[in-house]
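Now for the letters of each chain:
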Number of protein chains: 2
Amino acid sequence: MSNAKALPLLEPTVEPCCPPLAERPLTAEEAERTAVMFKALGDPVRLRLFSSIASHEGGEACVCDISDVGVSQPTVSHHLKKLKEAGLLSSERRGTWVYYRVEPAVLAAMGQLLTRAAAV
Amino acid sequence: MSNAKALPLLEPTVEPCCPPLAERPLTAEEAERTAVMFKALGDPVRLRLFSSIASHEGGEACVCDISDVGVSQPTVSHHLKKLKEAGLLSSERRGTWVYYRVEPAVLAAMGQLLTRAAAV
């Protein structure tokens, strides 16, 4: 007898943090969580780094690919850490380099907060 | 003879500040402009005020409608000014009160920056 059972497929879900901004006033707790993500993109250097990764081949890049934004390597690392803490990037070490990847589901959820608010 | 001519319909245009974040790395100038808008939403109190206005009847509200976020009136005014400076709200005085309204085109453009980035 086999223990192998068909496991339910886990679809990658877009987990919206909150309702669209125009649906109802956010609660304090929802606003805290959402503001962290917007704040992460609210810095020009972070936005350029993020855009460099998002537009890089395959939607991922190593630090070696994205150091041309005119700030020092420690500053780049600091900003990448902030983006990661906000859930906008994930990272993976491969050999010498750490590769960063955008989190499409999180971005899509943020986009929906705004575009659905805009549609009202 | 009538002077009435069919005028071309002016579609409300969504003027994107910048290309989607995944299209190419943002320039320094594009990142500066875009970061201002994300930063404006990167504060929990501003986000609650913004959400209160966006979800209010007709997509607009006066200060008298949105003072229940637990901060003083001068703080509310300060945050509304920041949102206005970032181009996310417009305002109009009517009698005693100033009414604030969300700028759907700006929001939609911000949303597209993110959702198109997420689709790559």
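Reading the values: the criteria
Residues numbered from 1 in each chain as written. Chains lettered and ligands numbered in written order. Predicted model: local features only at pLDDT ≥ 70, side-chain atom pairs only at ≥ 80, totals over all residues. Heavy atoms only, no water. Least-squares fit on C-alpha atoms with pLDDT ≥ 70 in both. Pairing = 2+ DSSP bridges. Helix = DSSP H or I, 4+ residues; strand = E, 2+ residues; numbered from the N terminus. Patch = residues over 30% accessible without salt bridge, like charges linked within 9 Å, V, L, I, M, F, W, Y side chains within 5 Å. Areas by Shrake-Rupley, 256 points an atom, 1.4 Å probe, with all protein chains shown as cover. Salt bridge = Lys/Arg side-chain N within 4 Å of Asp/Glu carboxyl O. Lys, Arg positive; Asp, Glu negative; His and termini not counted. Charge placed at Lys NZ, Arg CZ, Asp CG, Glu CD. Buried < 20%, exposed > 50% of the residue type's maximum accessible area, 1.4 Å probe, protein only. Disulfide = S-S within 2.5 Å. Contact = heavy atoms within 4.5 Å. Buried area = accessible area lost by both parts, 1.4 Å probe. Polar contact = N/O pair within 3.5 Å; in protein donor to acceptor, adjacent residues only side chain to side chain. Axes fitted to C-alpha atoms, helices over the stretch in contact; angles between N-to-C directions.

**Quick look at the relation of the copies chain B and chain A**
- Mapping chain B onto chain A is achieved by rotating through 180 degrees and translating by 0.0 Å along the same axis, at an RMSD of 0.0 Å. Such a combination of turn and shift is consistent with a two-fold rotation axis. The position closest to the rotation axis in chain B is occupied by the C-alpha of Gly-111 of chain B, lying 2.1 Å away.

**With respect to the pairing of strand β2 (residues 89-94) of chain B**
All names here are of chain B.
- Here 6 bridges tie β2 to strand β3 (residues 97-102), and the two strands are oriented antiparallel to one another. From the neighbouring strand, Ser-91 faces β3, where its bridge partner is Tyr-100.
- Counting the residues in the hairpin turn of β2 and β3 gives 2 residues, including Gly-95, whose phi is positive at 65 degrees.

**Description of a positive patch on the surface**
- On the surface, Lys-39 and Lys-82 of chain A together with Lys-39 and Lys-82 of chain B cluster together into a positively charged patch.
- Mapped onto the secondary structure, Lys-82 of chain A falls in helix α3 (residues 73-85).
- Lys-82 of chain A gets classed as partly exposed once you look at its relative accessible area, which sits at 37%.

**What to know about the state of the cysteines**
Residues and elements named next belong to chain A.
- Scanning the model with the defined rule gives 2 disulfides over all chains in all.
- Disulfide pairing is shown between Cys-62 and Cys-64; the S-S distance is 1.9 Å.
- The buried category is assigned to Cys-62, whose relative accessible area is 0%.
- Overall, Cys-64 belongs to the partly exposed group, its relative accessible area being 37%.

**Quick notes on the environment of Ala-108 of chain A**
- Within the element layout of this structure, Ala-108 of chain A appears in helix α4 (residues 104-118).
- Considering only alpha carbons, one finds Ala-108 of chain A and Phe-38 of chain A, 70 residues apart in sequence, at a separation of 13 Å.

**Here's the deal with the interface of chain B and chain A**
- Counting from both sides, the interface comprises 35 residues of chain B and, opposite them, 35 residues of chain A.
- Its largest share of buried area at the contact with chain A, chain B owes to Leu-47, Arg-48 and Leu-114 of chain B, together 17% of the area lost on that side.
- Run the count over chain B and chain A and you get 0 salt bridges.
- Our count for the contact surface shared by chain B and chain A stands at 8 residue pairs in polar contact (both at pLDDT 80 or more).
- Listing elements by their share of the side of chain B that touches chain A, those giving two or more residues are α1 (28-40), α2 (44-55) and α4 (104-119) of chain B.

**Points about the sheet that holds strand β2 (residues 89-94) of chain A**
Residue and element names in this part refer to chain A.
- Spatial ordering of the open sheet is given by β1-β3-β2, a layout of 3 strands whose pairing is antiparallel. Edge strands, defined here as strands with exactly one partner in the open sheet, are β1 (60-62) and β2. For this sheet the average axis-to-axis angle between neighbouring strands, irrespective of direction, equals 25 degrees.
- One ladder, built from 3 bridges, connects β1 with strand β3 (residues 97-102); its direction is antiparallel. Along β3, the bridge assignment pairs Cys-62 with Tyr-99.
- Along the sheet, helix α2 (residues 44-55) makes contact with β1, β2 and β3, crossing β3 at roughly 90 degrees.
- On top of the sheet, α3 reaches β2 and β3; it is set at about 120 degrees to β2, its chief contact.

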